[in-house]
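# Examining the three-dimensional arrangement
Single-letter residue listing:
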Amino acid sequence: LLSDKNLFRTDGYINGKWIREGKETYDVLNPGNGDLLAQVPNLGTKETFEAINAAANSFVTWKQTTAKERSIILKDIARLHVENADDLAKIITLEAGKPLAEAKGEVLYGASYFEW
């Protein structure tokens, strides 16, 4: 279904690590037909604070990068959104029930924010 299956991740991502072990999961269902798409970890308060702290700590490094370095990173993110727009749109459609063309438009529109 996807050209790049690595785009479909079901683990939580906190502070540079994918986490799942020992966590309860909940089902993500296709709203169009009720099929099970994935089981994702049910992360809680502890993980939320870990993510907030990791983001705050990352900002210390981010604010020390030059505007040129930041622009290169952000443009790369935009490029990856555009290159993977079809797969990302398929994921959005399966998970949210959004029409495929609208989902792709959402991905491309989101990419424009990183470009801007």
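First things first, this report covers the structure right here in the doc. From a predicted model like this one, the values you see are computed outputs, not experimental measurements. (Residues numbered from 1 in each chain as written. Predicted model: local features only at pLDDT ≥ 70, side-chain atom pairs only at ≥ 80, totals over all residues. Heavy atoms only, no water.)

### Some words on the overall build of the protein chain
Scanning the protein chain from N- to C-terminus turns up four helices and four strands. Secondary structure elements of the protein chain occur, N-terminal to C-terminal, as β-β-β-β-α-α-α-α. Considered along the principal axes of its C-alpha atoms, the protein chain spans approximately 50 × 35 × 20 Å. The buried share of the protein chain, reckoned over its 116 residues, is 18%. For the protein chain, the share of sequence-separated contacts (at least 6 apart) that also reach a separation of at least 24 residues comes to 46%. (Helix = DSSP H or I, 4+ residues; strand = E, 2+ residues; numbered from the N terminus. Buried < 20%, exposed > 50% of the residue type's maximum accessible area, 1.4 Å probe, protein only. Contact = heavy atoms within 4.5 Å.)

### Let's talk about the nonpolar core
Note that soluble globular proteins tend to have their nonpolar side chains buried in a common cluster. Core analysis: the largest hydrophobic core is formed by five residues, namely Ala85, Ala89, Ile92, Ala103 and Val107. Mapped onto this core, the elements with two or more residues apiece are α3 (85-96) and α4 (100-115). With three residues, the top contributor of residues to this core is α3. In this structure isoleucine 92 touches Gly97, Lys98, Ala103, Glu106 and Val107, once residues within four positions along its chain are discounted. (Core = buried A, V, L, I, M, F, W, Y, C linked by side-chain atoms within 4.5 Å.)

### Some details on the pairing of strand β3 (residues 25-29)
As defined by bridge partners, β3 adjoins strand β4 (residues 36-41) across five bridges and the pair is classed as antiparallel. Opposite tyrosine 26, over in β4, you have valine 40 as the bridge partner. In textbook terms, the turn of a hairpin is the stretch between consecutive antiparallel strands, and for β3 and β4 this stretch comprises six residues, one of which, glycine 34, has a positive phi near 80 degrees. (Pairing = 2+ DSSP bridges.)

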